[in-house]
Amino acid sequence: MKNVFCKAPWVSLQYGSLLMHGGVTPCCEWTGAAFKGSLNEYMSGEWLANVKNIMSDTSVTSHREYVNRSCENCINLDNLGITSKRQQLQEFEIHDGIQLVDYRPDNICNLKCRMCFPGNSSMIAKEQNHSFEILDTSDIYQFDFSTVTSLSIVGGEPSISKEVDTFLQWLIDNGRSEYIVLKVTTNATNANANWIDKLKKFPKCHTVISLDGTNEIYEYIRTNANWDSIVKNIKSYEFENNVITYQITGSMYNMPVIERWIDWFADKDNVTLYPVEGRKSLMLSALPDNIRFEKMKFLESIDNNLARDAYTILNDTRFNRNHLDWFIEYTHALDNLRNTDITKLDPVFKKIMEII
């Protein structure tokens, strides 16, 4: 087993309000159980102390199994040669306390992305008639931010969340914005003046724009989105002291047609491609080998980091017939529900959906 020691339990935390995925965890990539108490109880209690003890000695079999289960996302990315959260945290010093906070106050969202879940989208929760018990995260206002240098706000869609708006204003009014780097992950469907003005109040801002393709491909994946509006809104994020990066979730909906959208990202700096997580029906292991090889051949002719990452992900993938069956079933169900038809997007999807 590779060394999977991670500094997350000492230097970062993620805090969310929805019971299904809510509570406190060492980081946003944590796939183990979450702590369901208050922030104060988390910081001073046995739960975090136990995680630190486990992480400090993975030579113990039970510890190793716990880390493999809870840190699965980073371990998978490390194996692919893609920079994981664990690697990103290596630059932080343990003795400096909590320096990164990831806060997710709600799941308010205006899109129904096909790789998403009710816990991350109120629109999907409504579509599936899914309700949640909401955890009270108001104690975030009593948290000691004195050592925090980076704050991530994730949704849902943070730009339309009243909770996010109130929290950002509190940070600004209390002088926290002066020394914290604000990182927001957005679908870029909203660029209203109030939202952009709040971002500008932070001397250093990092906007992560989630895109999974362009034009019809993008609109199919992210139900309710309009590509032309997205392109227009992105310009509003191009303000001083804001660093824009792009994040792509590689799935069965965009990788089979990567030749139709990769060129748009050719002149973009800091584009990161992550394989889809959580939905086996959308994992690239559902992609038949003949199509996978075809896409890899296409990517060989492109000389940029995005193409290389895409090639690596496809090359590391092994076909699983069960996953293909789940993809077909899941896609048919969503197409019937949303009155869409994936086979009209591109001939490759007709081939995939009709494989016997």
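Quick caveat: nothing in here was measured; it's all calculated off a predicted structure.

Scanning the protein chain from N- to C-terminus turns up 15 helices and ten strands. At 21 Å, the protein chain has a C-alpha radius of gyration in line with the 21 Å of a compact globule built from 356 residues. Along the longest, intermediate and shortest principal axes, the C-alpha atoms of the protein chain span 55 × 55 × 45 Å. Buried residues in the protein chain amount to 53% of all 356 residues.

Moving on to empty space enclosed by the protein. For the structure shown, the criterion picks out two cavities of 30 Å³ or more. By volume, the largest cavity amounts to about 100 Å³. Lining the largest cavity are 15 residues, with Cys6, Met55, Cys71, Cys74 and Arg86 positioned closest to its centre. Sorting the residues of the lining of the largest cavity by element identifies α1 (8-11) and α5 (72-80) as the ones contributing at least two each. Examining the composition of the lining of the largest cavity, we find that three residues originate from one element, α5, more than from any other. Considered class by class, the residues forming the lining of the largest cavity number eleven nonpolar, one polar and three charged. Of the voids in this model, the second largest cavity is the one considered here, and its volume is about 60 Å³. Along the walls of the second largest cavity sit Ser12, Leu13, Cys27, Cys28, Lys85, Leu100, Val101, Asp102, Ser150 and Ser152, which together make up its complete lining.

Thresholds applied
Residues numbered from 1 in each chain as written. Predicted model: local features only at pLDDT ≥ 70, side-chain atom pairs only at ≥ 80, totals over all residues. Heavy atoms only, no water. Helix = DSSP H or I, 4+ residues; strand = E, 2+ residues; numbered from the N terminus. Rg over C-alpha atoms; globule rule 2.2 N^0.38 Å. Buried < 20%, exposed > 50% of the residue type's maximum accessible area, 1.4 Å probe, protein only. 1 Å grid on protein atoms, 1.4 Å probe; cavity = no way out; pocket = protein on both sides within 12 Å on 5 of 7 lines; lining within 4 Å. Points joined across faces, edges and corners; volume = space filled by probe spheres on them. Nonpolar A, V, L, I, M, F, W, Y, C, P; charged D, E, K, R; others polar.

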